[in-house]
Amino acid sequence: NFDGLTTQKPFESLETGMLKCADMIVGVGSFYKDVYPDFRSKIRIVPNGIDLDSWIPKSQVAIPLDKGINVLYIGRFAKMKGFDHLMNANTPDGINLIVAGSSEGGDLECINLLQAKLDSKKKNLFFCGPLYGQKKIELMHSVEAVIMPSVHEPFGIVALEAFASGAILISSRLDGLGDFVNERNSMLVEPTPEGIEKSLENLLKLKDEEKVKLKIEGRKTCSIVTGK
């Protein structure tokens, strides 16, 4: 709207001015070089990483789901994360969709979509609230897959966390994710409701040897990106 644009323009001018004055610009993903082509020569990429030595479960999280494949979404309930598409997708039988996160920093539309699904008591949707630190590590180690249908990601550290946890990553390759997510280490997903449904159906058909290969490649990628 008019007020929003009026507010945005001074911030854009300020940001551009700072980029012009900077001797070096540090970004977490190479896609920033395309966002700011005029400053490409000054951009240096320092990817995010995680401490693999500390990414170890101390106990097993008890998820009371003994039937089906447990798939985790963890993060903000935001459109840039593709969360609205995830909520508008039909979760196929045999998949337990576990959602971890809080409404803080989320988009109202996404929050309302989650609440509507919870109110409808969908049999294969489970909400466990926000989890941090060791509890998050243990939850991610206890699921079969982590889904990340992001429309935009500056980097996508949840993808590395999934790799470190030995989970199968179901992810888009948009923006920063394209630096390290590929068809060898992940199941690629189109960030639409239909694309998500198709990926979850493909997960159900995945053979054990294919799962093992994805997990091995994911761990290898995590080690390379993290520098270990």
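Above this note sits the structure.
Residues numbered from 1 in each chain as written. Predicted model: local features only at pLDDT ≥ 70, side-chain atom pairs only at ≥ 80, totals over all residues. Heavy atoms only, no water.

J.: Explain the overall build of the chain here, please?
T.: The number of helices and strands found in the chain is eight helices and eight strands. For the chain, the C-alpha radius of gyration of 19 Å lies close to 17 Å, the compact-globule estimate for 228 residues. Its C-alpha atoms give the chain principal-axis dimensions of about 55 × 45 × 30 Å. Pairs at least 24 residues apart make up 66% of the contacts formed inside the chain by residues separated by at least 6 positions. Charged side chains of the chain number 28 positive and 30 negative; the gap between the two group centres comes to 3 Å. (Helix = DSSP H or I, 4+ residues; strand = E, 2+ residues; numbered from the N terminus. Rg over C-alpha atoms; globule rule 2.2 N^0.38 Å. Contact = heavy atoms within 4.5 Å. Lys, Arg positive; Asp, Glu negative; His and termini not counted. Charge placed at Lys NZ, Arg CZ, Asp CG, Glu CD.)

J.: What is the right way to look at the sheet that holds strand β5 (residues 125–129) in this model?
T.: Consider a sheet: its strands pair through backbone hydrogen bonds, and that pairing is either parallel or antiparallel. Strand order in this open sheet of six strands is β5-β4-β3-β6-β7-β8, and the pairing throughout is parallel. Two strands close off the open sheet at either side, each with one partner strand: β5 and β8 (186–188). In this sheet, neighbouring strand axes are inclined to one another by 25° on average, regardless of whether the strands run parallel or antiparallel. The sheet contact formed by strand β6 (residues 145–148) and strand β7 (residues 168–171) spans four bridges and is parallel. Within β7, the position partnered with Val146 by the bridge is Leu169. Sheet contacts for helix α5 (residues 133–142): β3 (69–74), β4 (95–100), β5 and β6; angle to β3, the most-contacted strand, approximately 145°. (Pairing = 2+ DSSP bridges. Axes fitted to C-alpha atoms, helices over the stretch in contact; angles between N-to-C directions.)

J.: Would you explain unusual backbone geometry in this entry?
T.: Most peptide bonds are trans, and most residues other than glycine sit at a negative phi. Even without glycine at this site, Lys121 takes up a positive phi of about 55°. If you trace the backbone, Lys121 turns up in the loop between α4 (108–119) and β5. Positive phi values are uncommon outside glycine, yet Asp175 reaches one of about 55°. Its location among the elements puts Asp175 in the loop between β7 and β8. Residue classification places Asp175 among the partly exposed positions, given a relative accessible area of 30%. (Buried < 20%, exposed > 50% of the residue type's maximum accessible area, 1.4 Å probe, protein only.)

J.: For this particular structure, what's the right way to read the packing of aromatic side chains?
T.: Considering all chains together, one arrives at five aromatic pairs under this definition. Ring plane angle 25° and centroid distance 4.8 Å describe the contact between Phe77 and Phe83, whose orientation is recorded as stacked. The buried category is assigned to Phe77, whose relative accessible area is 2%. Among the aromatic residues, ring-to-ring pairing joins Tyr73, Phe77, Phe83 and Phe127 into one connected group. (Phe/Tyr/Trp six-rings, centres within 6.5 Å; stacked < 30°, edge-to-face > 60°.)

Spatial relationships are all this shows, so hold off on functional conclusions.
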